[in-house]
2 protein chains.
Amino acid sequence: MAVYTDVNEEELSSFLTSYPVGDLLSYKGIAEGTENSNYLLHTTGGSFILTLYEKRVNADDLPFFLGLMQHLAQSGVECPLPVARQDGALVGQLAGRHAALITFLEGMWLRKPAAVHCRAVGAALANLHIAGSSFPMARTNSMGVPEWHRLWEGSREEADTVEPGLREELDREMSIIDTQWPGDLPSGIVHADLFPDNVFFLGDQVSGLIDFYFACNDAFAYDIAICLNAWCFEKDFSFNLTKGVALLAGYQSVRPLEEIEVEALPVLVRGAALRFQLSRLYDWLNIPDGPLVKKRDPLEYMRKLRAHRHIRSAKEYGWTPVASIAAAS
Amino acid sequence: MAVYTDVNEEELSSFLTSYPVGDLLSYKGIAEGTENSNYLLHTTGGSFILTLYEKRVNADDLPFFLGLMQHLAQSGVECPLPVARQDGALVGQLAGRHAALITFLEGMWLRKPAAVHCRAVGAALANLHIAGSSFPMARTNSMGVPEWHRLWEGSREEADTVEPGLREELDREMSIIDTQWPGDLPSGIVHADLFPDNVFFLGDQVSGLIDFYFACNDAFAYDIAICLNAWCFEKDFSFNLTKGVALLAGYQSVRPLEEIEVEALPVLVRGAALRFQLSRLYDWLNIPDGPLVKKRDPLEYMRKLRAHRHIRSAKEYGWTPVASIAAAS
């Protein structure tokens, strides 16, 4: 929620001469994203988002992220198209940062998504998975299980200062994941961070998926598990089954789940909650307070994790076989 | 530099039905302004700025501020036009705040203004002073000399913690202002905060003056004095005479200064520096740190104030009689 790097008009105008976007008319720092600095630009060629990559993004990953967005947009997925420079490159340099210009997508992210939106985001996620299958690059999930161990090692000693008993509780969760985490699931390109603020809607239609800076190769069903956590809980941390049904039906309307994925779903959902629990706890304990830092609740995902413990099958998240969806509709 | 109040799409769309602006396409919180929350909206009717007024703005002043912007825009001053609701009102309610919708002005504020821009801003300020003379409402300057005393009372005891000796030095400045502050200068509507981030340019032309939330009735020359402080100093706190000459010549190309204003200019410039020194010092000492607060240097204006002590006449700020400007051009 911040602009970390200021840009002056002269250097921005000069930067834009490398892009086929016309002349600069205005630019405003926008309060979106937590990792990078973003500006909304108006030029004589239209509206664009300028992103300056701050230190948390590894510059070596930028060709993957931007190439993926280009590939997906050209494959019909509603996502921003990185604008290529006159020399063909997707990444430039501005104000001492790597920088990219992407097309601006109209649409709003929903503070209170309803079931109809969960269905739409499920379908959009499946489209992304299918379109990603022809993308030639690959990237390991930098927020996969090995990283959870590192985050936990960096938080464990102080965990009980956040809530008494948290250390023992998360130790148990870590060992469950270590013994039960599934291998060999259908895999490919996943978004890995498809929270409501990364999905734009116009009316009930998805108009854009944004923020591909955690995208990587991983199990498709793990991406669904992240969405179930991010989209289907109420403010009181109860799981809304209607939204779960809608999200999974939307997904399966495009890509039906295989049996092995259905069986793995409960542990994947629990693991996805653990992943966000661990990264937020780590940030809470390790990132100093500052004028530009707005830390997130370090226990939100703990509450979701506890809800997941009572769930044993994908059906309890709203999964139904494709045949019965077809029969019901 | 923050968005204090979040708005959801539903309440925003509902709010907009009272305005003749079409349908909402997108809205982004923007990192501009320090007092209020601002969003850049795209609708089917164009681009707009939505402002939610936070507690530092007195709601009773909104009819003055918005009415003034409307009057100035309709008088040909380049400034945003408040969009009237279907019921004629300029102020609405959104997310528990007073809110207004104003037209979006293309243009960029300049991080490094040059003399040509200082000339343009001088002329724009004079146009504002002239156009404001037919505005029927009035507002006392809430940041006038009586307020300086209150700010100083709230900072004086702790001033030396910011810099040893500051208390004695500012005591002296306060007593100079108390004995030398001029009355009876030509007065009317002034902007009172025309810093570079409140002036948009397209090329070398002023495309918009924004942020009228300190506007009030005061001496025109005091408004010039604020601009000399805000536009004509270099990063090393040296006064750039070329910029001073340009700003004053630009102003006088529209409205020549009267002799009484020329004589008062040195004390007005010194007082203007004191006004920003006092408000920043007060904020530094009295506003708690927080994730959304980015406090400004509490000594920047002290350094400018010290530079002013060596100046005795308006000529040293770049003033020349109108006759000699005409002769030289």
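Residues numbered from 1 in each chain as written. Chains lettered and ligands numbered in written order. Predicted model: local features only at pLDDT ≥ 70, side-chain atom pairs only at ≥ 80, totals over all residues. Heavy atoms only, no water.

Under an unreviewed UniProt entry, the name given to chain A is Homoserine kinase, and the organism recorded is Limoniibacter endophyticus. A UniProt comment under Sequence similarities (unreviewed entry) is attached to chain A, and it reads "Belongs to the pseudomonas-type ThrB family." The record held by UniProt for chain A lists under Pathway (unreviewed entry) the comment "Amino-acid biosynthesis; L-threonine biosynthesis; L-threonine from L-aspartate: step 4/5." (UniProt positions renumbered as here; feature names shortened; annotations may be inferred.)

1. Details of the overall build of chain A
Counting its secondary structure elements, chain A contains 11 helices and 9 strands. For 329 residues, the compact-globule formula gives about 20 Å, and the C-alpha radius of gyration of chain A, at 20 Å, lands near that figure. C-alpha atoms of chain A, sized along the principal axes, occupy 60 × 50 × 35 Å. Looking at chain A as a whole, 55% of its 329 residues qualify as buried. When the accessible surface of chain A is totalled, it reaches about 13,600 Å², and 52% of it is carbon and sulfur. Taking the 28 positively charged and 42 negatively charged side chains of chain A as two groups, their mean positions are separated by 5 Å. (Helix = DSSP H or I, 4+ residues; strand = E, 2+ residues; numbered from the N terminus. Rg over C-alpha atoms; globule rule 2.2 N^0.38 Å. Buried < 20%, exposed > 50% of the residue type's maximum accessible area, 1.4 Å probe, protein only. Areas by Shrake-Rupley, 256 points an atom, 1.4 Å probe, with all protein chains shown as cover. Lys, Arg positive; Asp, Glu negative; His and termini not counted. Charge placed at Lys NZ, Arg CZ, Asp CG, Glu CD.)

2. Focus on the interface of chain B and chain A
With 33 residues of chain B at the interface, the matching set in chain A holds 33 residues. Across the chain B/chain A interface, buried area totals approximately 2,800 Å², and carbon plus sulfur atoms make up 59% of it. When the buried surface of chain B facing chain A is broken down by residue, K28(B), M108(B) and R111(B) rank first, second and third, together holding 23% of it. Counting across the chain B and chain A interface gives 2 salt bridges. (Contact = heavy atoms within 4.5 Å. Buried area = accessible area lost by both parts, 1.4 Å probe. Salt bridge = Lys/Arg side-chain N within 4 Å of Asp/Glu carboxyl O.)

3. Examining the side chain of S207(A)
Residue and element names in this part refer to chain A. Inspection of the secondary structure puts S207 in strand β8 (residues 205-209). Accessibility expressed as a relative area gives 12% for S207, which makes it buried. Excluding anything up to four places from it in sequence, S207 contacts E78, L105, E106, G107, F200, F201 and L202.

4. What to know about unusual backbone geometry
One non-glycine residue, D211(A), lies in the positive phi region at around 60 degrees. Judged by relative accessible area, D211(A) falls into the partly exposed class, the value being 24%.

5. Concerning the domain arrangement of chain A
All names here are of chain A. Taken as a whole, chain A is organised into domain 1 (9-103) and domain 2 (115-328). Using C-alpha coordinates to define each centre, domain 1 is positioned 27 Å away from domain 2. Each partner contributes to the interface: domain 1 provides 21 residues, whereas domain 2 provides 25 residues. Surface buried jointly by domain 1 and domain 2 totals about 1,800 Å² across both partners, of which 72% is contributed by carbon and sulfur atoms. Put simply, domain 1 and domain 2 have 1 salt bridge between them. Of the charged contacts in the structure, one is a salt bridge between D61 and R139, with a shortest N-O distance of 3.2 Å. If you look at where domain 1 meets domain 2, you find 6 residue pairs in polar contact (both at pLDDT 80 or more). Put simply, the parts of the chain that give the side of domain 1 that touches domain 2 at least two residues each are β3 (46-53) and α2 (62-74). (Domains from an automatic or database assignment. Polar contact = N/O pair within 3.5 Å; in protein donor to acceptor, adjacent residues only side chain to side chain.)

6. A word on the relation of the copies chain B and chain A
Superposition of chain B onto chain A requires a rotation of 180 degrees combined with a translation of 0.0 Å along the rotation axis, giving an RMSD of 0.0 Å. Such a combination of rotation and displacement between the chain copies is what one expects of a two-fold axis. A share of 100% of the interface residues of chain B reappears at the interface of chain A, consistent with the copies meeting face to face through the same patch. (Least-squares fit on C-alpha atoms with pLDDT ≥ 70 in both.)

7. Observations concerning the pattern of salt bridges
Note on pairing: side chains with opposite charge can pair once their charged atoms come close. One pass over the structure, following the stated rule, counts 38 salt bridges over all chains. Note that E173(A) and R270(A) form a salt bridge whose closest N and O atoms lie 3.0 Å from each other. Pair noted here: E173(A) is in helix α6 (residues 166-180) and R270(A) is in helix α9 (residues 259-286), with a separation of 97 residues, a long-range link. The exposure class of E173(A) is buried, given its relative accessible area of 1%. The partner of E234(B) in a salt bridge is K243(B), with the nearest N and O atoms 3.1 Å apart. Taking the relative accessible area as the measure of exposure, K243(B) reaches 10% and is therefore buried. Each of E163(A), E169(A), E173(A), R270(A), R306(A) and R309(A) takes part in salt bridges that share partners, so that together they form one network.

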